[in-house]
Amino acid sequence: MSEYDARGKVNRALLIGVDDYRTLRPLPAVKDNVRKLEQALLAPGVDLFTKGEVVTCRPQEPWEVEQALDTVVQEARGLLLVYFSGHGRVASDGGNLHLMVGASERRHKTVSWQHTVLSYLDNARADRIVIVLECCYAGNASEAFHSCRNPTSLLMAAQPNRRIFSGEEPTGGSVFNRALVRTLERGIPGKRFVTFEDLVRALQEQLAGERTPMGDVWEPRSAKQNTVDDVILSFATPEARPPTPLRIRLRRRLKSSFRHWPRLRHWPRLLLILAIIFVPAITGIVLLRLPHGEAPCPPALELRLLTAPEAEPALRRAAFDYEMSETNTRPLNGESDLPDGCRRAQITVYSAARDQVDQGFAAAERWQGEALGTGRARPADKGIDPLNRPGPQPDIWIPESTADYYEARRGMPATGSPATLHYSAPVAYTPLVVGIPENRRPADVDPAHASWPELLDRTDGAHHDLRLLRPSPVLSGTGLLHTIGLYLAHDGPGSTSTGAPDLTLARQAEERLSAPGSQYAGSTELLCSLRPDTDSDAAGFVDRTKSAPLVSEKSLADYNLGHAIGSCPARPSALPFRNRYLAYYPENVPALDHPLVRVDWQGATDATVRKAAVARFAGWLRDPDGGQRTLTAQGYRGVREASPPPGSPLRDSRADVDPVGRIVPFTAGPEQVSQVLDGYDKAQKSSQVLILMDTSTSMADGGKLPVALSAAGRALEMAGPRHTYGLWAFPDRAHPADADAVRELVPPGSADPAPGKAALDRIAGGELVEHGAAMEEALTRALRTMKKSPAANKAIVLLLDQDDGAGRRAASVERTLSTLVEEKPEVPILALVMGQSGCDTFAFRQLAGASHGQCVPAGPQAVDTLAGRIASIGTAAQGDR
């Protein structure tokens, strides 16, 4: 991505530090934070701020912070950096972060992150804003951050709901501050400067061995709003540093003159005339006498790479390595005007679920139109917003498999689409596997050569009684390819057969998979739910010791080795033997092949340049000395050598995979893929969901409402003749004092998503109720309605902040609700809870467990996780275990 260079502009840094508190515990480690950071920012190597541009503040009263913010907001025109170090506290729901000053008490005399800090920054006229929060619960700041209107980057010292320092560290700066200062002052090896993204990565690496006071892994987090570029925060580098460009030195001298002779400010017209006369002549003379130094780098060409959520971390690493590689920085024929060492391309990597990618390409005309401001929705779009999800128009798409590409092509209009997909060879492989618990291994089945009929037979109720868990074929490329392997198991897609799926075998397979909650949005989230260090059993997940996940080899190896997977952070070490899964390789099931697809957009003025840039990146990805090193180090198989090289995590014995297992290429045709999906659709039972949504005003705080609306919108995307829905809101606007009242926006049994989308738009526009949301009363009414529904498979999707009715609720309500949950027919409750306690409260655990549903806590993957579980409702059959 391009870098914003603020040198020579009117920059400001506001450093706020509070170590001495009247009523709260003092923080001696924070005492030197501001002084150390000020020294770093003014160090010659940083070369960004000049004396007078760094302002320090040690506030005792909230107004002192407001006054300091008001000053720097008015003055900054280039970069505005705001740093806070001190106590932080949050409300009971985890939102509304407050920064504590010297006079702060627990709930009084505080500085609101959302209502004070962000409000001031919204009025800033700076080109870029960077915020660094080093306080307890800094990670909770991301909830309200979406409301920023200016290009802003936020660095949070730790993940949400974490305290970060004990206050008993020695003076000389806190652990986080010392790492921050060290990176800014010394730079990063191999880099000519330190950007915001560089700083985040460096801090994550330096703090990887640290623990928070609660014993958790210390993991700084970051977020960005209204900007896709990066911001340079220091020009320090361990290597030889190029001199500061002349234009910047001249600009700084001019600013210095203004500071020393204020009366010059009244001479703008005279200065303009002098500049017109003398600057061209002086510049010419100076340039003739200057040595030929390194020319500044022009902005790099941005390439946008779309992929699946499971592949995003590895491809993000590959994109970074490519940007810094010789392939992307050496002079090229025809580009001799670009200085050596400049990046020619920067690659932005983002991801979306398979169905959202398909919808985006199917609505490519609107996708492009929204980017240009000319988009118009068509009736067939069903409220799809491609620019929101999947995201910006991609130049490169790397799906999980060729099957994903076939499905995207099938959904695109035959003519008239502004997007053209150019398929090319794979960049990596990863076989598909079935994970079998180590203590339930079928002794008579060879893990390296297991047929699907064998696996289905040896894991049924008469044998090991394992529950097969599969990512949703609708949402996940891994789930789709596993389904293809199951349905074509009679001769396998790896054979030369072009026959249709065996529907009898397909029905038998779906019967083993047709259980509530048997599908997930992807294999990483599926495996995350099975991690022994996640408190999942009480929240409605299945027993991990009786589960057999259908996943990819890479994701299973990551799981066994304790790597970060899905929304689960990395563990200190590999899982113990008793908690691991052994990889079984179904025969004739093709591997994920990760093809690279170039996406051309009609009317692009730089199409030729982009085509060449994509080709260079694709060549590097397939180069054994380039991208193949990066990808195999992440646990993928190479495109030339199927056997993983030394150092690959697949060669770790604790991964419990077969590193020499062969790669089955994908040979199924587009027609077979569509037949498999058609067979899958026919194998599903009809379903009905009732979306019950909290629309109290507290949902507008902390970014909760957009998450809830996104989750409800994903549920609407699955609506159709055989998968119907209803949409209710609580409390009722017409009867705000009636705890039992709900607003029936769309009646249950609706197949058209349009009324639901219109209702969600109204809620997003402000149709909220200033009254607490009584969850148990609303849920009681919803359960009574769904128990009477004739649908064989049904569920309630509950979206809320927190239950606001507990304090005034009659005891009979809880008893009635508990009885309803346990009565037949079963109605699973799938809840997305966005309060601080999330799914940890007894009420939500009990509801999810008793109803055989699930409670999903808020987080980056929450919406996709919930979507995968909603997709499983159509697979649930009566009498499932």
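Residues numbered from 1 in each chain as written. Predicted model: local features only at pLDDT ≥ 70, side-chain atom pairs only at ≥ 80, totals over all residues. Heavy atoms only, no water.

1. Observations concerning the overall build of the protein
Right, so step 1: Scanning the protein from terminus to terminus reveals 27 helices and 28 strands.
Right, so step 2: Each of the 881 residues in the protein was classed as buried or not, and the buried ones make up 56%.
Right, so step 3: Long-range contacts, defined as pairs at least 24 residues apart, comprise 78% of the intrachain contacts of the protein with a sequence gap of at least 6.
Right, so step 4: Surface accessibility of the protein: about 36300 Å² in total, with carbon and sulfur atoms responsible for 52%. (Helix = DSSP H or I, 4+ residues; strand = E, 2+ residues; numbered from the N terminus. Buried < 20%, exposed > 50% of the residue type's maximum accessible area, 1.4 Å probe, protein only. Contact = heavy atoms within 4.5 Å. Areas by Shrake-Rupley, 256 points an atom, 1.4 Å probe, with all protein chains shown as cover.)

2. Overview of the packing of helix H17 (residues 523-530) against helix H18 (residues 553-561)
Right, so step 1: Axis separation between H17 and H18 bottoms out at 10 Å; the angle between their running directions is 25°. When the interaxial angle is binned, H17 and H18 end up roughly parallel. Between H17 and H18 the crossing geometry is right-handed. Across the interface between the two elements, Ser 523, Thr 524, Leu 527 and Leu 530 of H17 pack against Ser 555, Leu 556 and Tyr 559 of H18.
Right, so step 2: For the contact of H17 with H18, a count of residues per class yields 4 nonpolar, 3 polar and no charged. (Axes fitted to C-alpha atoms, helices over the stretch in contact; angles between N-to-C directions. Parallel < 35°, antiparallel > 145°, perpendicular 65-115°, else oblique. Left-handed = near helix turned anticlockwise from the far one by under 90°. Nonpolar A, V, L, I, M, F, W, Y, C, P; charged D, E, K, R; others polar.)

3. What about the side chain of Gln 628?
Right, so step 1: Here Gln 628 shows up in helix H20 (residues 627-633).
Right, so step 2: Given the relative accessible area of 8%, Gln 628 is considered buried.
Right, so step 3: Here Leu 621 takes part through its backbone oxygen, which lies 2.8 Å from a polar atom of the side chain of Gln 628.
Right, so step 4: From its side chain, Gln 628 meets the backbone nitrogen of Val 639 in a polar contact 2.9 Å long.
Right, so step 5: Beyond its immediate stretch of four places on either side in the chain, Gln 628 contacts Val 427, Trp 620, Leu 621, Arg 622, Asp 623, Gly 638 and Val 639. (Polar contact = N/O pair within 3.5 Å; in protein donor to acceptor, adjacent residues only side chain to side chain.)

4. Some thoughts on the sheet that holds strand E22 (residues 595-601)
Right, so step 1: Read from one edge to the other, the open sheet built from 5 strands follows the order E14-E13-E15-E22-E16, with strand pairing classed as mixed. Across the chains shown, the open sheet's two edge strands, defined by having one partner strand only, are strand E14 (345-351) and strand E16 (419-426). The average angle at which neighbouring strand axes cross in this sheet is 25°, direction not considered.
Right, so step 2: Judged from the 2 bridges that link them, strand E15 (residues 396-398) and E22 form a sheet pairing that is antiparallel. By the bridge assignment, Ile 396 is partnered in E22 with Arg 598.
Right, so step 3: Packing of helix H19 (residues 607-621) onto the sheet brings it into contact with strand E13 (301-307), E14, E15 and E22, and relative to E13 it is tilted by some 60°. (Pairing = 2+ DSSP bridges.)

5. Section: the packing of aromatic side chains
We describe a pair of aromatic rings using the distance from one ring centre to the other and the angle between the two ring planes.
Right, so step 1: With the rule as written, the count across this model stands at 11 aromatic pairs.
Right, so step 2: Seen from their ring centres, Trp 367 and Trp 601 are 5.6 Å apart, and the 85° between their planes marks the pair as edge-to-face. One end of the pair, Trp 367, is in helix H12 (residues 364-372); the other, Trp 601, is in strand E22, with 234 residues separating them in the sequence.
Right, so step 3: For Trp 601, a relative accessible area of 9% puts it in the buried group. (Phe/Tyr/Trp six-rings, centres within 6.5 Å; stacked < 30°, edge-to-face > 60°.)

6. Side note on the environment of Leu 180
Right, so step 1: Mapped onto the fold, Leu 180 is located in helix H5 (residues 175-186).
Right, so step 2: Using a relative accessible area of 3% as the deciding quantity, one classes Leu 180 as buried.
Right, so step 3: Once the C-alpha coordinates of Leu 180 and Leu 199 are considered, the two residues, 19 residues apart in sequence, prove to be 7.7 Å apart.

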